[in-house]
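For reference, the chains in residue letters:
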Amino acid sequence: MAARTISFTLNGEAVSAEVANHHTILEVLRNEFALYGARESCGQGLCGCCTVIVNGTAVSGCLYLAAFADGAEVTTVEHLDADGRLDPVQEAFIEQGAFQCGFCTPGFILMTKQLLERHPDPDDDQIKHYLSGNLCRCAAYPEIIKAVKSAAKKRAVAR
Amino acid sequence: MATTTIPGGTIGSQIGRSLPRLEARDKVSGRAEYTHNLRLPGMLHGKIFRSTIAHGRIKSIDTSAAKKMPGVFGVYTAEDVRKVIPNPYYGPAFHDQPILAMDKVRFVGEPVAVVLAADPHAAEAAVQEITAEYEELPAVYDEIEALNSKVYVHDELKPAGTFADLKHLTGRKQTNVALDFKLRRGDVEKGFEKAAQVFEHTFRTQKVLHLAFEPFVSIGDAKRDAVTIYTSSQGPSFVRTEIARLLGLPENRVRIRVPYLGGGYGSKLYIKLEALVTALSLLARRPVKISLTMEECFYQITKHPCTFRIKSGVDKEGRIIARKCEVFWNGGAYADVGPRVTQKSGFTASGPYDIENVHVDSYALYTNVTPAGALRGFGIPQLVWSYESHTDMVARALKMDPVEFRRKNILKKGAAQATGTPVKHAPLEAILDRVASRLNWGKPFDKGTGPVKRGRGLAIAIKAVIAPTTSVAVLNVTADGSPILYCGTVDMGQGSDTAMAQIVGEVLNVPAESVRVVPRDTDVTPYDMGTLGSRSLFHMGHAVRIAAEECRAKIEALRKELGEPEGSNIPVADLFKKKYGMQAGNIVGSGTYKPDYIPPQPGTGLTTNVAPFWMVAGAGAEVEVDTETGKVIVTRLINVVDCGKPVNPKIVETQISGATLMQLGFTMFEKMHIDGGQVTNASLADYKIPGIMDVPAVMENEAIDTVQPNGPFGAKGVGETATFCCGPAIANAIDDACGVRITELPLNAEAVYRAIRAQQKTPLEDE
């Protein structure tokens, strides 16, 4: 199996890893860096459980080949409370009870962050559009929509 | 002062608090523990080679090429499994399922061989090199066909012996009927003779999947005389018992550890991959992890498809005087818990109505498809779909208002339900009234004028909680006064850890956040029957309450012993210090709960105590039907449930809303398509589940104000309740909108448009 060394920035830190051509970024995060917040569920990039941020854009980690992350900036959900404080999106998800089993939650949170960075005051249609690629089998959708709105307010106040 | 007589006493500061889940921070930061994330040193990954045919004798399996593939540790078949587990059949109701297929395969997707490798990709590649030859046998897929088919899925029935009412099936041959439950009340034929009108309809439900986002995953770490299994399971105690039985080990040599679950919904009950990883670990002498892909989940366990023939005799006043229910459950190739679904749901197959003459025949049938088990309702959603669609059809035929018709026939307080058990604390009338009032029933409703028609409908339902079942809990108050709770209820998202901590907090008068709930580990957490059927809050809640009350009494005794004045609020930590001279000691309390129960009489199914509590639900729906395309939009979905006193109102609301949205998927579009036994849409790309766009514009969730007097602090479970009524409420609303009646789920645009065209006498051709 062809292998190569990739170097990238992971949650603000310069790292490198030995990867095979077929390895996804998700596998590398889990196997090399013990980061489990992104996780494979459907394996087809349809559910959003494996969401990670590469160069500022949310991608499906189960489809994104690790080799492409060479030189990139990669962020996972574990980075959001790096300073010891939860991100306003995380706080809002807790306050609104916007999850049950929690398996899909990191993906929703990362996608919500991307939504709010691009649309700080989103309406229902924008929220649904952004989050239509994330699925929640516990179906906490009504609470998630409330959490997104609440997070938008928290961010506006913080600014 | 009703609250003073309920177990647990008056309700204080912790019960009724909308506390966020204890593990909330871990879940939003991606750090919550799931078996999915777990790795052990030296661990191998297993990938499964599965049957490609629905029914056949295994002539040969060729693993030689696979064994030569790079990185492969070993390839194993049933022959190998028998070396470590001589009689490798498992299952909760029947010991019918082989760890790997033996001699025969009985459904497409059945595990036949496993490749082990350190690298899962190497194992996956090697699986492609395995070949098997089969002598193909005729197969049976449909539950009605299976009833009289000459194709037998099993040569002989093998009940597990766990359940007394299955013993009579031992050794039965030439049948696909794994259980026939009968309920006989009054004389149904005489009832039909007396009836002014008789109505008969047949309803069907489709095969659907739990689709928990954490796919099935187990890790076996087996030594010669001790086994540890890490698994995403809803029933660690059952897994321990079953693995101990298979290995001939005492229970204390088998340890089952269960962190949080990424969803369960009934799929992870009883035993799934646990026996397989144990056998493989024994063979490989290494820890073995099997993690299914989402596609493979379609070959593990599903919901039961069902055919329900229902016949009702109604007198001149519109009273239902006789009802006959014949229910056929498509259980797939292995029984799993199907026979329990068949029996337990059979108790209420005639619905929440007061009917003098009831006849229920409920059959569990083997077929050559993926096995079926429990899915959030234990069969009740399938039954309610049928009887509440039927109820509306009868009301319409009688030209009676559907609400009035239900009100006339509803089980009133204290009346005997079909089994003969009086319905107590089952506020059916109140729930019907609440749903009707929220729908503004009786007031004019805009039905639409163009091609888009509007309609509304409702449904009500009752379920008897599974009985009798046992829960045990242990509470340990540590030297600084902080409590540790050991309980086997699995938190799969329903918030049980939080609710149990609230019960401890209530009894000990401490904040629920200060209670540590130990993750399930059968070496330390005591017995629990399983996290299923909305039973945990009631059963485990009582066990936890009793354990906490014992601790409280011991703390009080210690206070007395140390000469502290009565009513003193001296902290527990100071009591310990005074007693032991330093921060030391423990106070341990335990609680066991098993409710009273009278088993139903064989042959009649009658009993005066079928269950410790009833679950009651109602739903209302408003829909828009585009009569030119068949597309249905649910614009408003109302759910009203009785869960007694909500321990955590926010989590209760999330359960009601989440349960009904899941059922909305089963109602509107979810369906496993099966062609020649092969699932043709086994992926999330082809099997659509509800997304954020599918949420109705208006959702109303209500837990009616009530208490369950025999529940802990007046509470009872709610995990399933809001799944019951969604389907028929929507079908009834579609009928109200455009006058078509769909009798088979799902209610997708094609089904609705076909029904509209048939009604217009221009039917579409069959596929």
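Residues numbered from 1 in each chain as written. Chains lettered and ligands numbered in written order. Predicted model: local features only at pLDDT ≥ 70, side-chain atom pairs only at ≥ 80, totals over all residues.

Engineer: When you look at the overall build of chain A in this model, what are you seeing that I'm missing?
Structural biologist: For chain A, the count of helices and strands is five helices and five strands. A globule of 159 residues ought to have a C-alpha radius of gyration of about 15 Å, and chain A, at 16 Å, matches this closely. The principal-axis extents of the C-alpha atoms in chain A amount to approximately 45 × 30 × 25 Å. Looking at the 159 residues of chain A, the share that counts as buried comes to 55%. Put simply, of all contacts in chain A between residues at least 6 apart along the chain, 60% involve residues at least 24 apart. (Helix = DSSP H or I, 4+ residues; strand = E, 2+ residues; numbered from the N terminus. Rg over C-alpha atoms; globule rule 2.2 N^0.38 Å. Buried ≥ 20, exposed ≤ 12 C-beta atoms within 10 Å, placed from the backbone. Contact = placed C-beta atoms within 7 Å.)

Engineer: Please explain the pairing of strand β22 (residues 483-487) of chain B as it appears in this structure.
Structural biologist: Residue and element names in this part refer to chain B. Buried residues dominate β22, accounting for four of its five residues. Pairing analysis gives five bridges linking strand β21 (residues 471-477) to β22, with the strands arranged antiparallel. Within the sheet, the bridge partner assigned to Val 477 lies in β22 and is Pro 483. Here β21 folds back onto β22, and the loop between the two strands holds five residues, one of which, Gly 481, carries a positive phi near 90°. Summarising the sheet, β22 and strand β23 (residues 516-518) pair through three bridges and their orientation is parallel. Bridge pairing in β23 places Tyr 486 opposite Val 518. Since β22 and β23 lie parallel, the crossover through helix α14 (residues 496-508) that links them has a hand, and here it is right-handed. (Pairing = 2+ DSSP bridges. Right-handed = clockwise from strand over helix to strand, strands pointing away.)

Engineer: Sorry, what's going on with the packing of helix α3 (residues 105-118) of chain A against helix α5 (residues 141-158) of chain A here?
Structural biologist: Residue and element names in this part refer to chain A. Running from N to C, α3 and α5 point in directions that differ by 50°, and their axes come no closer than 11 Å. One way to sum up the angle between α3 and α5 is to call them oblique. The element α3 and its partner α5 pack so that their crossing is right-handed. Contacts between α3 and α5 involve Phe 108, Thr 112, Leu 115 and Leu 116 from the former and Ile 144, Val 148, Ala 151, Ala 152 and Arg 155 from the latter. Looking at the contact of α3 with α5, its residues break down into seven nonpolar, one polar and one charged. (Axes fitted to C-alpha atoms, helices over the stretch in contact; angles between N-to-C directions. Parallel < 35°, antiparallel > 145°, perpendicular 65-115°, else oblique. Left-handed = near helix turned anticlockwise from the far one by under 90°. Nonpolar A, V, L, I, M, F, W, Y, C, P; charged D, E, K, R; others polar.)

Engineer: Any chance you could explain the interface of chain B and chain A here in plain terms?
Structural biologist: Taken together, the contact between chain B and chain A spans 44 residues of the former and 41 residues of the latter. Of the residues forming the side of chain B that touches chain A, the biggest block, seven residues, is contributed by helix α17 (residues 649-668) of chain B. Taken together, the residues of the side of chain B that touches chain A sort by class into 24 nonpolar, 15 polar and five charged.

Engineer: Just checking my understanding: could you explain the sheet that holds strand β4 (residues 57-60) of chain A for this structure?
Structural biologist: Residue and element names in this part refer to chain A. With respect to topology, five strands assemble into an open sheet ordered β2-β1-β5-β3-β4, the strand pairing being mixed. Among the strands making up the open sheet, the edge pair consists of β2 (13-20) and β4. With strand direction ignored, the average angle separating the axes of adjacent strands in the sheet is 40°. Two elements, strand β1 (residues 3-10) and β2, share eight bridges in a ladder whose sense is antiparallel. Along β2, the bridge assignment pairs Ser 7 with Ser 16. On the sheet, helix α1 (residues 25-33) packs against β1, β2, β3 (51-54) and β5 (73-75) and is oriented at approximately 110° with respect to β2. On top of the sheet, α3 reaches β3 and β4; it is set at about 35° to β3, its chief contact.

Engineer: Looking at this structure, how should I read the nonpolar core?
Structural biologist: Side chains that are nonpolar tend, in soluble globular proteins, to be buried together. In terms of nonpolar packing, the biggest core is built from 303 residues, with Ala 473, Leu 485, Val 504, Val 544, Ala 617 and Ile 734 of chain B touching the most fellow members. Not counting the four nearest positions on each side in its chain, Ala 473 of chain B is found in contact with Leu 485, Tyr 486, Cys 487, Pro 526, Met 540, Ala 543, Val 544, Ala 547, Ser 590 and Gly 591 of chain B. (Core = buried A, V, L, I, M, F, W, Y, C linked by C-beta atoms within 7 Å.)

Engineer: Please clarify how the packing of helix α11 (residues 380-397) of chain B against helix α18 (residues 726-738) of chain B should be interpreted in this entry.
Structural biologist: Angle between the axes and distance between the axes are the two parameters that describe a pair of packed helices. Residues and elements named next belong to chain B. At their nearest, the axes of α11 and α18 sit 8 Å apart, and the two run at 30° to each other. The angle between α11 and α18 falls in the class roughly parallel. The two elements α11 and α18 meet at a crossing, and its hand is right-handed. Of the residues in α18, those in contact with Pro 381, Val 384, Trp 385, Glu 388, Ser 389 and Asp 392 of α11 are Gly 727, Pro 728, Ala 731, Asn 732 and Asp 735. Classifying every residue of the contact of α11 with α18 by side-chain character gives five nonpolar, three polar and three charged.

Engineer: Help me understand the sheet that holds strand β24 (residues 520-521) of chain B, please; the structure alone is not making it clear to me.
Structural biologist: Paired through their backbone hydrogen bonds, the strands of a sheet run either parallel or antiparallel. All names here are of chain B. Spatial strand order, β3-β7-β1-β14-β11-β12-β13-β24: eight strands in an open sheet with mixed pairing. Looking at strand neighbours, the two that pair on one side only are β3 (72-77) and β24, the edges of this open sheet. Taken strand by strand, helix α4 (residues 120-127) contacts β1 (44-50), β3 and β7 (111-117), and its axis lies near 20° from that of β1. Sheet strands touched by helix α7 (residues 236-247): β12 (226-231), β13 (254-258) and β24. Its angle to β13, the strand with the most contacts, is close to 150°.

Engineer: I would appreciate a short explanation of the confidence of the model for chain B in the present structure.
Structural biologist: For residues with low pLDDT, the predicted coordinates do not support detailed interpretation. Residues at a pLDDT of 70 or more form 99% of chain B, whose mean pLDDT is 96. Predicted complex metrics record ipTM = 0.98 and pTM = 0.97. (pLDDT = per-residue confidence, 0-100.)

Engineer: Explain unusual backbone geometry here, please?
Structural biologist: Between Ala 467 of chain B and Pro 468 of chain B the backbone carries a cis peptide bond, its omega angle lying at -10°. Checked against the element boundaries, Pro 468 of chain B lands in the loop between β20 (452-464) and β21. Following Leu 745 of chain B, the chain continues into Pro 746 of chain B via a peptide bond in cis, with omega recorded as 0°. Counting through the fold element by element, Pro 746 of chain B comes out in the loop between α18 and α19 (749-759). Located in the positive-phi region is Asn 11 of chain A, a residue other than glycine, with phi close to 50°. Structurally, Asn 11 of chain A is set in the loop between β1 and β2. Of note in the backbone geometry, Asp 336 of chain B takes a positive phi value of approximately 45° without being a glycine.

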